[in-house]
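# Descriptive analysis of the structure
Below are the chains, spelled out letter by letter.
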Amino acid sequence: MIINNKGFRRSLIAAAIAASFMSGVQAANNTSNIVGTIITNTGSDYSISVKDVNTGRTRTIAIDADGSYRFSALPVGEYEIVVTNAQGDVVAKETKRLGLGSNTIADFDLTENDNSQVIQIVGSRVAGVDTTSMDSGLVVSEVQIDLMPVARNATAVQMLAAGTITGDSKFGVEGGNGYVSFGGSSIGENSCYINGVEVTNTRQGIGCGSVPFEFYKEFQVKTGGYSAQFGRTTGGLLNAVTKSGGSEWEFAATMDWTPEYKDNNNRSYALNNSRDVFNDTSQNERSSLDYTLSASGPLIDDSLFVYAIVNPRDTSNTFAYTPNRVRFNPVDQLRTIEASGGDNLFWGLKLDWYMHQNHSLSYFGYSDRVDALDARYAYDPDSGEVGDLIGTFDRKRGGELHSFNYTGYVTDNLTVSAIYAEIDTEYTSQPTVIDCPIISETRTNPAVDASDYKCGAGGNIGDDYDNNEQIRLDLEYSLGDHLLRAGYDYQDRQSRRTSEYVGGHTYTYITLAPNASIQGTNGEIYTNISQDPIDYVSDRIFVGGGDFGSELTAYYVEDQWQVTDDLTLTLGARKDSFVNTGTTGVNFVDLETDWAPRLGFSWDVNGDGESKLYGTFGRYYLPVPNNTNYRAAAGVSDKTTYYTFTGIDTNDGSPTGLTPINGDLAASTAVNSLPVAPSVATFQSEEAEPFFKEEFILGYERQLDEGLIGSVRYVNRDVGSALDDYCGPYASPGSCTLVNPGKAGTWSRDTDGDALPDPGSRRTYTAAEIGLPKPKISYESLQFEIKNSSDKLNWTFVYTWSRSIGNFEGALKSDINQPDAGLTQDWDFPALMDGAYGYLPNDRRHSFKFFGSYSFTDNLNVGWNSSLTSGRPLSTFGQGYPDTSADVYGSYGDTFYLFTNQCPDTNNNGKCEQPEKIYIKTPRGTAGRTPWLFSLDVSLNYDFELSGVDMRASFDVYNILDVQEVTSQNEHYEARGSEGQINQWYGAAYTWQAPRSYGISLEARF
């Protein structure tokens, strides 16, 4: 273990960085590494060990001949590093804290001690810039977050990172936590891990399972550049670890209280200075009260450790609501969701068994089940009057997770880890009133308003839950200048969902303007050739479902190669396969990706550990979510029939005197899906490849002063392939066909509904025949970041300039609030993509973030968290299209064309024919932007002791200035199903910024 001093002249830090590069750049997804170099003048023998301060566990390894060493796959926490000589004397010692998923460098210079009779203990040198990392994002502990006014949810943590913005506020329950867009991607393209287990919502990809903040130990937010061990995401990911038991028994109790607060009296109105209210927050109220009780310590000294936590929760959320057709209906219900006691009790458990010095087994489990009462009351938004209870729902969310994690240090150079996990999740909302149909009144000032007579609260009847079984194996081997990794990653995602509208029908009352048309599955159904508007009703019947699932398999390899002392390369690749199965057990999607490259470099520019130039390139694939199985292969029947009517039933609001609008029932019906589970041959193009994006990042980071680090980063993301359902006339009737837009495709058709390919129907359709454009998503950003760390003052400032442009958002469609991942209306018909190119919903050009904390004394701390973000682009959606032929436009969809109600009779036949209609094209993102959003949160924390118990009291104020700008608004210019008829609610606000609220916390630890 001899290192020549000449090679060390660039500084001790540079040698430490070189040693760490030899050992690797990134740690496993739920552990960390300690790496470094021992510098000597002689050939003396030394050994090195690390001691986990929490558990007292010690591990010793040999030092390589070049003086380098590496401790891999260590749990996150504080470690004591000790170097001893051949006589057993301690010659160097240092205490380090390991951050999640990263290398901690500890390098020791023993040159002064080699010839000394009296050994002097020395410590390691600290590098200012982590030149060992290539990925982008941040690592933050629960302790750091406690010093700032960061809401206690995953969304708030992710929003601290550069390149993240809040997704559209229309998704999720009113007053919820919301979701995050990474690098311009939709909110349905992210992943989440806790203790190495993926806890992402596997149904739609929106949101994640979570545990109480008191249970978390550290968070890692990855915004890009992640290694081959991570996959199945084209957005970003949140990686977290929980606390574990230690060698001493510790107990804690916490209380977090958000007192009841009301929204400001925000209201949005109909067009033309009307006082008809579209949305109203004057009745919105929220409150929450959380307790946690935790205990941790050794069940068996030095061998078995436990951390256990229970979290009783009491939550209440009241808000105005409309149950359906939100774009065309004002709020007409007041909804209260409440859960408390045993119906809202979280429990969590972490067990760590160290069977041997080199082998450990951990159990991690929790239940986050919430059984809530969802009560609906009649509500008049114009008068603010709350009426009678019209129905309740038994709302069940969450479930249970159980996992086992094995880690084995087979040799000093070989580490093996394995995970088995199973997660059960439920999403049901069962209504108590099930015999009333769903009524939607979209007409402006009708003579008889159907909504006045509807009964019940709407909803669906059926089962809705998921099961996710996971198996993961990771190998890591250090070989000279190479750190080799390989792994296997498998998930079996099974779901059950059945659904039927209450009352069996959804009736929507619509006004059809003169010369306007109703579009059907195979072209135009009906045109109003009169000079007067007519009223009609659509009757949608949606029923079906069953058991379905998907199998996701991945393999990865990676080599982190130390090329020189200052240059490290990462050469990785990942291969995924996605298989989806319908209710009959027959595969209907079977996709295999290419080997996706994950490449990176990090260069210590000056060789002093104070700056780095780094870059990454990667391809990232997104699986087909189980929501696609439900919509396409679960035997769902989805039909809409259009009628004229003569009256309205005053008992339930349903239409009476129905007549098919064009005289024939079949010809007045649009069939969107049949109760048949298709096969791969009929549902998937043979050439199809999964949705993927390619990302390039180039960054520079430098230590500007002691504790002050600055960085700049350029990020570019482009879509390589889209995968979505095409529903034009060449697709299989009743199921559509999964294609790569802009490319040719080969498939068979099933026209008789027997779930089998029709003989002789297999053929290749050219891209021109299908008629879909090539997919385009281009995101680029410049991110500037300055971080300051000192004993008293810690702060981070981030500015991001970004641009996101293309012809579709990604997995979801925010501008029309459609969460059907992989099955949005985009790409269903060519007409829906005409005008779709423009600035995308997650294009927020400027984003400023400034957060931190200041300690006045050891006991008194103040924190802040502020953000300023520019608005997102708005569009103007219409309900018609110049060409109504079946190969261009189908029976539904929002277009970028508005009918002017002008139809010159150019052929003098006395009729208004489709080619004579005059439309205005309004491309995506050309209707202005939402306002800029500013928010400032502040906190005050005080630590004290009471009767020998360590206490902390905290007071948080969120949105202290009570800024109430609009966050989303109605972009549908034309009324439901009626081209040329203005939607009276166009431009009205859906949501506003959350009002000022307060949080009070109290902690006791002993």
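In this text, all values refer to a predicted model and were calculated from it rather than measured experimentally.

Time to look at the overall build of the protein. What the protein contains, in helices and strands, is six helices and 64 strands. In terms of C-alpha radius of gyration, the protein reaches 30 Å, essentially the compact-globule figure of 30 Å for 1006 residues. Summarising its shape, the C-alpha atoms of the protein cover approximately 110 × 65 × 45 Å along the three principal directions. Relative to its full complement of 1006 residues, the protein shows a buried share of 60%. The long-range share in the protein, meaning contacts at least 24 apart out of those at least 6 apart in sequence, stands at 71%. Looking at the protein as shown, the accessible area adds up to about 37,100 Å², and 52% of this sits on carbon and sulfur atoms.

On to the pattern of salt bridges. One pass over the full model with this rule turns up 56 salt bridges. Between R493 and E198 there is a salt bridge whose closest N-O contact spans 3.7 Å. Placement of R493 in strand β31 (residues 482–501) and of E198 in strand β13 (residues 197–198) is noted, with a sequence separation of 295 residues between them. A relative accessible area of 2% means that E198 is categorised as buried. Across the pair R203 and D464 runs a salt bridge, and its minimum N-O distance is 2.6 Å. Residue R203 is located in the loop between β13 and β14 (216–224), and its partner D464 is located in strand β30 (residues 464–479); the two are separated by 261 residues in the primary sequence. Residue R203 shares its accessibility class with D464, and that shared class is buried. One connected set of salt bridges, linked through shared partners, spans R232, R472, D474, D489, R574 and D576.

As a further point, take the environment of F955. The residue F955 is located in strand β59 (residues 949–958) in this model. Along the backbone, F955 and P149 are 806 residues apart, and their C-alpha atoms lie at a distance of 8.6 Å.

Turning to the packing of aromatic side chains, a few remarks are in order. Enumeration according to the criterion identifies 46 aromatic pairs in this entry. An aromatic cluster is present here, built from F215, Y307, F346, F364 and Y366 joined pairwise through their rings. Over the face of the ring belonging to Y269 we find R275, whose NZ or CZ atom lies 4.0 Å from the ring centre. Lying across the ring of Y837, K776 places its NZ or CZ 5.4 Å from the centre.

This part covers the state of the cysteines. A covalent bond between the sulfur atoms of two cysteines is referred to as a disulfide. Evaluated as defined, the whole model comprises four disulfides. Covalent S-S linkage joins C192 and C208, the inter-sulfur distance amounting to 1.9 Å. Judged by the sign of its S-S torsion, about 55°, the bond between C192 and C208 is right-handed. Taken together, the residues C192 in strand β12 (residues 191–194) and C208 in the loop between β13 and β14 connect sequence positions 16 residues apart. Given a relative accessible area of 4%, C192 falls into the buried group. Here C727 is linked by a disulfide to C736, with a sulfur-sulfur distance of 2.0 Å. Residues C727 and C736 are joined by a disulfide whose S-S torsion is about 105°; by sign, that bridge is right-handed. Comparing C727 with C736 shows no difference in burial state: the two are buried. The disulfide pattern of the protein is 1-2, 3-4, 5-6, 7-8 when the bonded cysteines are numbered in sequence order.

Quick look at the UniProt feature "domain: TonB-dependent transporter Oar-like beta-barrel" (unreviewed entry) in the protein now. Residues annotated by UniProt as "domain: TonB-dependent transporter Oar-like beta-barrel" (unreviewed entry) correspond here to residues 332–576 and 592–985. Along residues 592–985, the helical share is 4% and the strand share 43%, with 45 Å between the first and last C-alpha atoms.

Further remarks concern the confidence of the model for the protein. Predicted confidence across the protein gives a mean pLDDT of 90, with 95% of residues reaching 70 or more. Contacts for the low-pLDDT stretch residues 1–26, under 50 throughout, to residues beyond four places or in other chains number 101 contacts. Below a pLDDT of 50 lies the segment residues 115–120, which in the model reaches seven contacts outside its immediate sequence neighbourhood of four places, other chains included.

The strand order across the open sheet formed by four strands is β3-β2-β5-β6, and the pairing between neighbours is antiparallel. Every other strand in the sheet has two partners, leaving β3 (58–62) and β6 (90–98) as the edge strands with one partner each. Neighbour-to-neighbour, the strand axes of this sheet turn through a mean angle of 20°, independent of strand direction.

With that settled, the discussion passes to the nonpolar core. Soluble globular proteins tend to pack their nonpolar side chains together in the buried interior. V589, F691, L723, Y726, F808 and L812 are the most contacted members of the largest nonpolar core, which totals 36 residues. Of all the elements in the fold, those that place two or more residues in this core are β37 (587–592), α4 (626–633) and β48 (737–739). Excluding residues that lie within four positions of it along the chain, F808 makes contacts with F691, V719, A722, P775, K776, I777, D826, W827, M833, L840 and R924. Within the second largest apolar cluster, 33 residues are counted, among which are F182, F215, L238 and I423.

Residues A596, R598, G600 and S602 line the buried face of strand β38 (residues 596–603), whereas the alternating positions P597, L599, F601 and W603 sit on a face that is not buried. Bridge count between strand β36 (residues 567–581) and β38: eight bridges; the pairing is antiparallel. For G572, the partnering residue across the bridge sits in β38 and is R598. As judged from the six bridges shared by β38 and strand β39 (residues 611–622), these two strands associate in the antiparallel manner. Residue F601 lies in a different strand from β39, and its bridge partner there is G615.

For α4, the tally of buried residues reaches seven of eight residues, placing the bulk of the element in the interior. The complete set of buried residues in α4 reads N626, N627, T628, N629, Y630, A632 and A633. Looking at the buried residues of α4, the elements they touch are β31, β35 (534–562), β36, β37 and α5 (680–683). Once α4 finishes, G635 follows within two positions and takes phi at roughly 65°, a positive value.

A word on the sheet that holds β14. Across a sheet, strands are paired by hydrogen bonds formed along the backbone, either parallel or antiparallel in direction. The strand order β9-β14-β15-β12-β13 describes an open sheet built from five strands, whose pairing is mixed. On the outer flanks of this sheet lie β9 (136–141) and β13, each paired with one strand and no other.

On to unusual backbone geometry. Although it is not a glycine, R325 sits at a positive phi angle of roughly 50°. The topology assignment puts R325 in the loop between β20 (304–321) and β21 (333–339). The exposure class assigned to R325 is buried, which follows from its relative accessible area of 18%. If you check the backbone angles, C736 has positive phi at about 65° while not being a glycine. Tracing the backbone through its elements, the reader meets C736 in the loop between β47 (724–726) and β48.

This next bit is on the environment of T104. Turning to its location among the elements, T104 is positioned in strand β7 (residues 103–105). T104 sits in the buried class, given a relative accessible area of 10%. For T104 and T132, which are 28 residues apart along the polypeptide, the C-alpha to C-alpha distance reads 9.0 Å. Beyond its immediate sequence surroundings of up to four residues, T104 is in contact with N33, I34, V35, K96, R97, L98 and G99.

Taken together, the 11 bridges between strand β16 (residues 250–262) and strand β19 (residues 285–300) define a ladder with antiparallel strand orientation. Within β19, the residue paired with Y261 across the bridge is R286. Both β16 and strand β64 (residues 997–1005) contribute to a ladder of six bridges, which runs antiparallel. In the strand pairing of β64, A252 is matched with R1005.

We now examine a nonpolar patch on the surface. Taken together, the side chains of W249, F251, L299, I300 and F1006 define a hydrophobic patch exposed on the protein surface, amounting to about 520 Å² of accessible area. Tracing the backbone shows L299 in strand β19. On the accessibility criterion, L299 (47% relative accessible area) is partly exposed.

This part is about a negative patch on the surface. Together, D64, D66, D412 and D481 line one region of the surface with negative charge. In this fold, D64 is placed in the loop between β3 and β4 (68–74).

With respect to the helices and strands, D843 occurs in the loop between β53 (838–839) and β54 (846–855). Since its relative accessible area comes to 1%, D843 is described here as buried. Only 2.5 Å separates the side chain of D843 from the side chain of R929, close enough to count as a polar contact. With residues up to four places along the chain from it excluded, the contact list for D843 reads S802, R803, S804, G871, R872, P873 and R929.

Tracing the backbone shows V712 in strand β46 (residues 708–721). Residue V712 is classed as partly exposed on the basis of its relative accessible area of 30%. Note: C-alpha distance between V712 and F784 (72 residues apart in sequence) is 4.6 Å. In this structure V712 touches L698, G699, Y700, Q783 and F784, once residues within four positions along its chain are discounted.

Conventions adopted
Residues numbered from 1 in each chain as written. Predicted model: local features only at pLDDT ≥ 70, side-chain atom pairs only at ≥ 80, totals over all residues. Heavy atoms only, no water. Helix = DSSP H or I, 4+ residues; strand = E, 2+ residues; numbered from the N terminus. Rg over C-alpha atoms; globule rule 2.2 N^0.38 Å. Buried < 20%, exposed > 50% of the residue type's maximum accessible area, 1.4 Å probe, protein only. Contact = heavy atoms within 4.5 Å. Areas by Shrake-Rupley, 256 points an atom, 1.4 Å probe, with all protein chains shown as cover. Salt bridge = Lys/Arg side-chain N within 4 Å of Asp/Glu carboxyl O. Phe/Tyr/Trp six-rings, centres within 6.5 Å; stacked < 30°, edge-to-face > 60°. Lys NZ or Arg CZ within 6 Å of the ring centre and 35° of its normal. Disulfide = S-S within 2.5 Å. UniProt positions renumbered as here; feature names shortened; annotations may be inferred. pLDDT = per-residue confidence, 0-100. Pairing = 2+ DSSP bridges. Axes fitted to C-alpha atoms, helices over the stretch in contact; angles between N-to-C directions. Core = buried A, V, L, I, M, F, W, Y, C linked by side-chain atoms within 4.5 Å. Patch = residues over 30% accessible without salt bridge, like charges linked within 9 Å, V, L, I, M, F, W, Y side chains within 5 Å. Lys, Arg positive; Asp, Glu negative; His and termini not counted. Charge placed at Lys NZ, Arg CZ, Asp CG, Glu CD. Polar contact = N/O pair within 3.5 Å; in protein donor to acceptor, adjacent residues only side chain to side chain.

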